[in-house]
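# Structural features, examined
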Amino acid sequence: MKKKAAVIDMGTNTFHLLMIAFDNDGFEVIYQEKVPVKIGQGGINQNIILPEAEKRGLHTLEHFHNLIIGEGISQIFAFATSAVRNADNGFSFIRKIKQQTGIDAQIIDGEREAELIYKGIRLSACLNAENALMMDIGGGSVEFIIGNTHEIHWKGSFEIGGQRLLDLFHYHDPILPEEVEKLSIYLSEKLAPLIEAIKTHAPKQLIGASGTFDTLTDMYLASEGKKKDRKTIRHILPVSSFEIIASDLLLLDKAKRLKIPGMIPMRVDMIVVASCLIRFITQFIPTNQLICSTYSLKEGAVSEAMIKTGEIKSTSLSPTQ
């Protein structure tokens, strides 16, 4: 008899629900959904969750909870990240979630978030014995991990997520060259600890987790006339192709970006600054390809859930087909 669990990732822009059934052979997805709640919209750089954002969040979580109950799942792992952990009213929001939905959500710090992202990427079989730099671009924070399939050498969380960068630098549409330049200077300052860690551990691979990387992969495959296989959890995006996409994004306004094959409305605003961030990082990693993992925090939580229930003794898992 397979056990069931639900994972909720309450991100700054998107709330994700993942429901799974699992045993010692692996796991299968029962259902998954993502909703562009935008919990950080309008208040993220003032460290507050605005009333309308809170309302959207609670409404979405009530919807998720109904789906979870309908599936007969009692084991729920819910994580709140950057926008909630930095908000002055973050704990108040967590209490309201408990009162209105019964869900016990936990606010996790950036180190814990990075650890879960690493476990998710490891689950996707994107890692090998060679050191890689892993990154996950959220709306509020960006997590970086340097390590391999065996261990983490270094990890860090930086409050420079897409929504924050959008609010700080993307005032014109298309973005102005001077705004891009200011963003690059800002990244050089904020990411100094990461740049030092790269020099120390010398990763040769660059792995991007979910979110922006999913959309960039969709855009790349569409430009090649290929359709994305949703069962594939590891994709390759040549750096040369990424550079072309990133350069185009700088020149297009929102209406034109929306017309790019593979683009989704949920990402159309943040993808410009997120691409600038990826471009900044690529200059430090000697690779000609981006490895894109569709697995991230949610799947990292899945691997932990399976270990906690005693179904497996290691995180060398794979989804069952």
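In this text, all values refer to a predicted model and were calculated from it rather than measured experimentally. (Residues numbered from 1 in each chain as written. Predicted model: local features only at pLDDT ≥ 70, side-chain atom pairs only at ≥ 80, totals over all residues. Heavy atoms only, no water.)

Overall, the coordinates contain 4 aromatic pairs when judged by the stated rule. Ring geometry for F27 and Y295: centres 6.2 Å apart, planes at 45 degrees, overall tilted. Residue F27 is located in strand 3 (residues 26–35), and its partner Y295 is located in the loop between strand 11 (289–293) and helix 12 (297–308); the two are separated by 268 residues in the primary sequence. Assigned by exposure class, F27 and Y295 land together as buried. (Phe/Tyr/Trp six-rings, centres within 6.5 Å; stacked < 30°, edge-to-face > 60°. Helix = DSSP H or I, 4+ residues; strand = E, 2+ residues; numbered from the N terminus. Buried < 20%, exposed > 50% of the residue type's maximum accessible area, 1.4 Å probe, protein only.)

Attention now goes to the sheet that holds strand 1 (residues 3–10). Pairing is mixed in the open sheet, where 5 strands are placed in the order 3-2-1-4-5. Two strands in the sheet have a free side with no partner beyond their single neighbour: strand 3 and strand 5 (105–107). Averaged over all neighbouring strand pairs, the angle between strand axes comes to 20 degrees, with direction disregarded. Note: strand 1 against strand 2 (residues 15–23), 8 bridges, orientation antiparallel. (Pairing = 2+ DSSP bridges. Axes fitted to C-alpha atoms, helices over the stretch in contact; angles between N-to-C directions.)

Further remarks concern helix 12. The end-to-end C-alpha separation of helix 12 is 16 Å, in line with the 16 Å expected for 12 residues at 1.5 Å each. Counting buried positions over the 12 residues of helix 12 gives 10, a clear majority of the element. All buried positions along helix 12 are accounted for by L297, K298, E299, G300, A301, V302, S303, E304, A305 and M306. Looking at the buried residues of helix 12, the elements they touch are strand 1, strand 2, strand 3, strand 4 (76–80) and helix 4 (110–123). (Expected span 1.5 Å × (residues − 1). Contact = heavy atoms within 4.5 Å.)

Here the focus is the confidence of the model for the protein chain. On average, the protein chain scores 94 in pLDDT, and the residues at 70 or more come to 96%. Here residues 314–321 is modelled with pLDDT under 50, and outside its nearest four sequence neighbours on either side it reaches 22 contacts, counting other chains as well. (pLDDT = per-residue confidence, 0-100.)

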